[in-house]
Amino acid sequence: EAVLALDIGGTKMLAALVREDTVVETHKMPTPRSGDPEQWLTSLFDAISGWRGRYDTVGVAVSGIIDDGCWSPLNRKTLDIPDGFPLVATVKRLAGTDAVLAANDAQAAAWGEFSCGAGQGEDLVFLTISTGIGGGIVVNGRLLGGLSGHFGLLRSLDENAGVLEDHVSGNWMAAQAAPRQAGATAREVFEAAAAGQAWAQDIIKASVRQTALLCRNIQLMLDPARIVIGGGIGLAPGYLESVRQALGSLPPRLTPQLHAAALGESAGVVGIADLAKRQN
Ligand code: BMX
């Protein structure tokens, strides 16, 4: 029997049927810029109504935090939803099963990479550089929950600077690009950079520098065997290599071991499917 896995991020919603850690079906939809998760979930379940009867367990990974089955954003610039949406209750109703588990998207992806991706069973920190910046920590084979790994929300002493992800993420890149190319997406910034546009290369360089610094700090906090990088920005051509280069001058003992997410954009659905299966 397969697990229905949903991954709802700031940019896209991915639904997948996962059987024995393998994704057998997928359906992708853009996440609306703001609004009512009840409506998003209803249209997602409409779109995959043909999968009915093929799953009995559901895992939901979301951008934001889950407390007592309720979903809240931590940074509304990354995902603009109301506080305390009853996620687990809603999915139970729409899926017609009580076997539903919800967790943070980056924590789920960390578990996916640890159990069947780039972690290869070694403790790791997972970083997703996407709409925002998320993270997940696996220590002694255990996934940490709650607020842990929310690296995108780190702050500096500069009160006006806001949180880290507001200076690194895909959202930030798109905002930086706006004066040059109205309505540009982060993907288009990478395209412009590849075509030799200096303004786009500068935006990527600034993001890379912040990510490299974050990896350095993570190594000092947790000394993980690996830092696995995923997300649409993290996996964009050249990004990870540039972060490695930015770390190049560090003494070897302090240098993080960076790996690309082996499961790519499926890390979240594979991870949440396994967590849901274990719980039920
Ligand atoms: C934000 C936060 C995290 C999330 C991360 C990556 C919200 C809504 N989200 O730091 O919970 O893991 O973004 O999210 O506060 P993504 O949408 O970029 O995948």
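The structure this text deals with has already been given above.
Below is a summary of the structure that appears in this document. (Residues numbered from 1 in each chain as written. Predicted model: local features only at pLDDT ≥ 70, side-chain atom pairs only at ≥ 80, totals over all residues. Heavy atoms only, no water.)

## Digging into the sheet that holds strand β4 (residues 55–62)
Read from one edge to the other, the open sheet built from five strands follows the order β3-β2-β1-β4-β7, with strand pairing classed as mixed. One side of each edge strand has no neighbouring strand; the edge strands of this open sheet are β3 (22–30) and β7 (100–104). Adjacent strand axes in the sheet meet at a mean angle of 15 degrees when their direction is disregarded. The sheet contact formed by β4 and β7 spans five bridges and is parallel. Bridged to Val 62 within β7 is Asn 104. The strands that helix α2 (residues 87–95) touches are β4 and β7; relative to β4, the one it contacts most, it runs at about 145 degrees. (Pairing = 2+ DSSP bridges. Helix = DSSP H or I, 4+ residues; strand = E, 2+ residues; numbered from the N terminus. Axes fitted to C-alpha atoms, helices over the stretch in contact; angles between N-to-C directions. Contact = heavy atoms within 4.5 Å.)

## Section: the pairing of strand β8 (residues 124–129)
Burial of β8 is extensive: six of the six residues sit out of reach of the surface. Side chains of β8 alternate between two faces, with Leu 124, Phe 126 and Thr 128 and Val 125, Leu 127 and Ile 129 buried alike. Alignment of β8 against strand β9 (residues 133–139), held across six bridges, turns out to be antiparallel. Considered in β9, the bridge of Phe 126 is made with Gly 136. Hairpin remark: β8 followed by β9, antiparallel, with three residues in the connecting loop. Where β8 meets strand β11 (residues 226–230), five bridges bridge the pair, whose relative direction is parallel. (Buried < 20%, exposed > 50% of the residue type's maximum accessible area, 1.4 Å probe, protein only.)

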